Amino acid sequence: MNKLRDLLIDGVLMTLPLAAAAYLVHKVVLLLVTLLKPAAHLLPPGHWFGVAAIDLAALVLLTLALLGMGVFSRSRAGRRVAETLEQLVLSKIPGYLMIKSIAADFSSGEH
């Protein structure tokens, strides 16, 4: 029974960050779609695979923004900002340091 409980806890700990990330991406895409509505007439009409052009444009903008943040995070200034943010805010979030450690173990295991 303890093993089943541990498996359930591990599943929750793995799913929560993924669900939070999916929720945030969904909200950001909705915000970007709202911001892109004035320029929607410049996009081709119709849907591709059930997705509207404005939704695809929002996803492309989000992807470009994330790539830009990735480039920034590898710079000296980006590392300083990340360290400061982690010390001031993120380290106070319950479970953050544990999830960070798990993510670091996971990413180092793939290389």
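Reference entry: report on the structure contained in this document.

Here is what the cut-offs are and how they apply
- Residues numbered from 1 in each chain as written.
- Predicted model: local features only at pLDDT ≥ 70, side-chain atom pairs only at ≥ 80, totals over all residues.
- Heavy atoms only, no water.
- Helix = DSSP H or I, 4+ residues; strand = E, 2+ residues; numbered from the N terminus.
- Rg over C-alpha atoms; globule rule 2.2 N^0.38 Å.
- Buried < 20%, exposed > 50% of the residue type's maximum accessible area, 1.4 Å probe, protein only.
- Contact = heavy atoms within 4.5 Å.
- Areas by Shrake-Rupley, 256 points an atom, 1.4 Å probe, with all protein chains shown as cover.
- Lys, Arg positive; Asp, Glu negative; His and termini not counted.
- Charge placed at Lys NZ, Arg CZ, Asp CG, Glu CD.
- 1 Å grid on protein atoms, 1.4 Å probe; cavity = no way out; pocket = protein on both sides within 12 Å on 5 of 7 lines; lining within 4 Å.
- Points joined across faces, edges and corners; volume = space filled by probe spheres on them.
- Nonpolar A, V, L, I, M, F, W, Y, C, P; charged D, E, K, R; others polar.
- Axes fitted to C-alpha atoms, helices over the stretch in contact; angles between N-to-C directions.
- Left-handed = near helix turned anticlockwise from the far one by under 90°.
- Salt bridge = Lys/Arg side-chain N within 4 Å of Asp/Glu carboxyl O.

Structural notes on the overall build of the protein chain
- The helix and strand inventory of the protein chain stands at four helices and two strands.
- Taken from N to C terminus, the helices and strands of the protein chain fall in the order α-β-β-α-α-α.
- Relative to a compact globule of 111 residues, whose C-alpha radius of gyration would be 13 Å, the protein chain shows 19 Å and is clearly more extended.
- Principal axes of the C-alpha set define a box for the protein chain whose edges measure 55 × 45 × 30 Å.
- Counting only residues that meet the buried cut, the protein chain has 11% of its 111 residues in that class.
- Contacts in the protein chain between residues far apart in sequence, at least 24 positions, make up 36% of those at least 6 positions apart.
- Counting every atom, the protein chain has about 9200 Å² of accessible surface; 73% of that belongs to carbon and sulfur.
- Here the protein chain contributes 10 positively and 7 negatively charged side chains, and the mean placements of these two sets differ by 8 Å.

Considerations on the layout of surface pockets
- Counted as a void, the largest pocket has a volume near 320 Å³.
- When contributions to the lining of the largest pocket are tallied by element, the ones reaching two or more residues are α1 (2-36) and α4 (96-109).
- Top contributing element to the lining of the largest pocket by residue count: α1, with six residues.
- Within the lining of the largest pocket, the residues separate by chemical class into nine nonpolar, no polar and one charged.
- The space that makes up the second largest pocket amounts to roughly 220 Å³.
- Contributing elements (two or more residues each) for the lining of the second largest pocket: α2 (53-73) and α3 (76-88).
- In terms of residue class, the lining of the second largest pocket is made up of seven nonpolar, two polar and one charged.

Re the packing of α1 against α2
- α2 packs onto α1 with a crossing angle of 115 degrees between their chain directions and a minimal axis gap of 9 Å. For the pair α1 and α2, the crossing hand works out as right-handed. Here α1 contributes Val25, Val28, Val29, Leu32, Val33 and Leu36 to the contact with α2, which in turn contributes Ile54, Asp55, Ala57, Ala58, Leu59, Leu61 and Leu62.
- Residues belonging to the contact of α1 with α2 are distributed by class as follows: twelve nonpolar, no polar and one charged.

As for the pattern of salt bridges
- Applying the stated criterion across every chain, the model contains one salt bridge.
- Here Arg5 ties to Asp6 by a salt bridge, and the two come within 3.1 Å at their closest N and O atoms.
- By relative accessible area, Arg5 is classed as partly exposed at 45%.

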